Amino acid sequence: MDNQKIANLLETTVRGQIRIDEPMSCHTSFHIGGPADVLVIPEDVEDIRALLKTARDNNIPLTVLGNGSNVLVRDKGIRGIVMKMGNALKYRKKDGRAFSFGSGISLAQCCRIIAEEGLTGMEFASGIPGSLGGAVYMNAGAYDGEMKNIVRSVLVMNRSGQIKTLQNEDLDFSYRHSALQGADYIVIEVCIQAETGNKKEIFEKMEDFNRRRISKQPLELPSAGSTFKRPEGHFAGYLIEQCGLKGFRIGGAEVSPKHAGFIVNAGQATAADVLQLIEHVQTSVWNEYGVKLEPEILVLGEK
């Protein structure tokens, strides 16, 4: 089915935005990626359900994207439909010390809302880019904090449009992992449980973490965040730096001179550049230290 026919089908069922041959470089923090056949930004949960049904009934591949902050899209792009959560799920509800947020809300906004209530436990995430749903999916973490410590439950939808609740213990959280990875679920809502704290101290802690992040990480250039998971007993950035790879480039992709744990788009990088550089870094660290580096970023799209 060609792209225009897919778009025509969706126009009869979905109220959100529909874009044909949409460059994914406009929807990822890496600013890299070929076109999605059709990109859809749904308006609400019912729009998501209608989109899933259309894709299912017509055997159209469907890829779900949050804010695109931990993603590398290959240069040929993504076939079928890409559903970007966009503005669809950015609501919030409060029940005592628990907040329920739509999964499309940014992690930074979520942290600030909770901090304004004088609730503590989420300060670690204040500078992590991306959506709340994506953070739960990856069990995002920083500064000795992880999503697993503050998530009470998650509302998910399967590809048939059915909704169920998963409790924290159902999510099998571990380092940069949750049971959502590899599962056929779309995160709709996240319930966060926080503890009462000192509002002034909470904001001071968030500001300290953000200062440290700005001073150490290459936030001035496009990237997908930290490129590699932390290998047990080591720090990826240190091993890469010891291999003399700071500033090493392939095409427009560069091992950041500021922090070797980040591969950045130093100018017109392609996904092929990034993937080749990842492989070169992995090989170098393995040959020098016998340590296998595992990418943290999610690679999507046609090879």
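Only a predicted model underlies this, so the values are computations on that prediction, with no experimental measurement involved. (Residues numbered from 1 in each chain as written. Predicted model: local features only at pLDDT ≥ 70, side-chain atom pairs only at ≥ 80, totals over all residues. Heavy atoms only, no water.)

A. Region of the structure containing the sheet that holds strand β5 (residues 78-84). One open sheet holds the 4 strands; their spatial order is β1-β2-β5-β3, and the pairing between them is mixed. Since the sheet does not close on itself, it has two edges, and those belong to β1 (17-23) and β3 (62-65), each with one partner. For this sheet the average axis-to-axis angle between neighbouring strands, irrespective of direction, equals 30 degrees. Bridge analysis of β1 against strand β2 (residues 35-41) gives 6 bridges, and the strand direction is antiparallel. If you follow E22 over to β2, its bridge partner there is A36. (Pairing = 2+ DSSP bridges. Helix = DSSP H or I, 4+ residues; strand = E, 2+ residues; numbered from the N terminus. Axes fitted to C-alpha atoms, helices over the stretch in contact; angles between N-to-C directions.)

B. Up close: helix α3 (residues 107-116). Taken together, the buried positions of α3 are L107, C110, C111, I113, I114 and A115. Buried residues in α3 make contact with β6 (92-95), β7 (98-102), β8 (119-120), α4 (132-138), β13 (185-193) and α5 (199-216). In the segment just after α3, G118 is the residue with positive phi, at about 75 degrees. (Buried < 20%, exposed > 50% of the residue type's maximum accessible area, 1.4 Å probe, protein only. Contact = heavy atoms within 4.5 Å.)

C. Structural detail: the side chain of D273. Structurally, D273 is set in helix α7 (residues 271-289). Setting aside residues no more than four positions away along its own chain, D273 makes contact with I250, G251, G252, A253 and Q268.

D. Layout of the packing of aromatic side chains. Under the defined criterion, the tally for this structure stands at 2 aromatic pairs. A centroid spacing of 4.5 Å and a plane angle of 5 degrees characterise the contact between Y143 and F209, whose relative ring orientation is stacked. Taken as a pair, Y143 in the loop between β9 (141-142) and β10 (145-146) and F209 in helix α5 lie far apart in primary sequence, 66 residues in all. Under the relative-accessibility criterion, Y143 is labelled partly exposed at 27%. (Phe/Tyr/Trp six-rings, centres within 6.5 Å; stacked < 30°, edge-to-face > 60°.)

E. Representation of unusual backbone geometry within the structure. For N139, which is not glycine, the phi dihedral falls at a positive 50 degrees. For N139, the location among the structural elements is in the loop between α4 and β9. Classification of N139 as buried rests on a relative accessible area of 0%. Positive phi, close to 50 degrees, is recorded for Y143, a residue that is not glycine.

F. Local environment of the sheet that holds strand β11 (residues 151-158). Taken in spatial order, the 5 strands make up an open sheet running β6-β7-β13-β11-β12, and their pairing is antiparallel. Since the sheet does not close on itself, it has two edges, and those belong to β6 and β12 (163-167), each with one partner. When strand polarity is set aside, the average angle formed by the axes of neighbouring strands in this sheet is 20 degrees. Examined bridge by bridge, β7 and β13 share 5 bridges and lie antiparallel to one another. Paired with G102 across the two strands is E189, which belongs to β13. Each of β11, β12 and β13 touches helix α2 (residues 45-57); the most contacted strand, β11, lies at about 45 degrees to it.

G. Summary view of the nonpolar core. Counting 36 residues, the largest nonpolar core has M122, L132, M147 and I192 as its most contacted members. Elements with a contribution of two residues or more to this core: β7, α3, α4, β11, β13 and α5. Counting residues per element, this core draws most heavily on α3, at 6 residues. Contacts of M147, omitting those with residues within four sequence positions, involve L107, M122, F124, L132, A135, V136, N139, A140 and I192. (Core = buried A, V, L, I, M, F, W, Y, C linked by side-chain atoms within 4.5 Å.)

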